[in-house]
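Structure assessment
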Amino acid sequence: MQITASPKKRRREAEKLFAWKVQDIAVQSANGDESYIYITFENGYTLFIRYFLNLDPTETKDTCEFTLGLATDLVSRIKYDIHYAGYIHGQGYIRLRLAESKNRMQQMVLEEFYAPALKNIYKPII
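First, a word on what this report is: a plain description of the structure on this page. This structure is a prediction, so every number in the text was calculated from the model and none was measured.

Looking now at helix α3 (residues 104–121). Its 18 residues give α3 an end-to-end C-alpha distance of 25 Å, which sits within 8% of 26 Å, the value for a rise of 1.5 Å per residue. Its axis deflected by about 40° at L110, α3 carries its strongest bend there. If you check which residues of α3 are buried, you get Q106, Q107, L110, A115 and L118.

Right, here's the structure in full:
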């Protein structure tokens, strides 16, 4: 996909390359040797591409970094309660219930990253 192409051509090329309908494409150039491309798809995924020239004379290829994101409505899917009870050795505890999600990637992010982070944040202060 050419960065200098027209927006319609960029959109067609992205749809052809990824086989997903494209909602929006944004291109930014931070400076002469680095560019950022944001491709938002209609299915909720966003692809962030960071392209930069390799200034190392021993390297002949330029570098691209790809990050895939997912737009979610996590607020409506997570329910949690925080309780303190003196009868459990003076410790508080967190009761965390995660609603099931149809999206497997979202469910894994909730279980592997969000829930442990939430438990670390809400450690009781006694």
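Here we come to the pairing of strand β2 (residues 34–41). Taken across its 8 residues, β2 has 6 buried, putting it largely inside the fold. Looking at chain direction, strand β1 (residues 22–31) and β2 are connected through 8 bridges and run antiparallel. Paired with A26 across the strands is Y38, a residue of β2. For β2 and strand β3 (residues 45–52), the ladder comprises 7 bridges, and the chain directions are antiparallel. Bridging from a neighbouring strand, Y38 pairs with F48 of β3. Adjacent in sequence and paired antiparallel, β2 and β3 are bridged by 3 residues, among which G44 carries a positive phi angle near 100°.

How each quantity is defined
- Residues numbered from 1 in each chain as written.
- Predicted model: local features only at pLDDT ≥ 70, side-chain atom pairs only at ≥ 80, totals over all residues.
- Heavy atoms only, no water.
- Helix = DSSP H or I, 4+ residues; strand = E, 2+ residues; numbered from the N terminus.
- Expected span 1.5 Å × (residues − 1).
- Bend = angle between axes of the 7 residues up to and from the residue.
- Buried < 20%, exposed > 50% of the residue type's maximum accessible area, 1.4 Å probe, protein only.
- Pairing = 2+ DSSP bridges.

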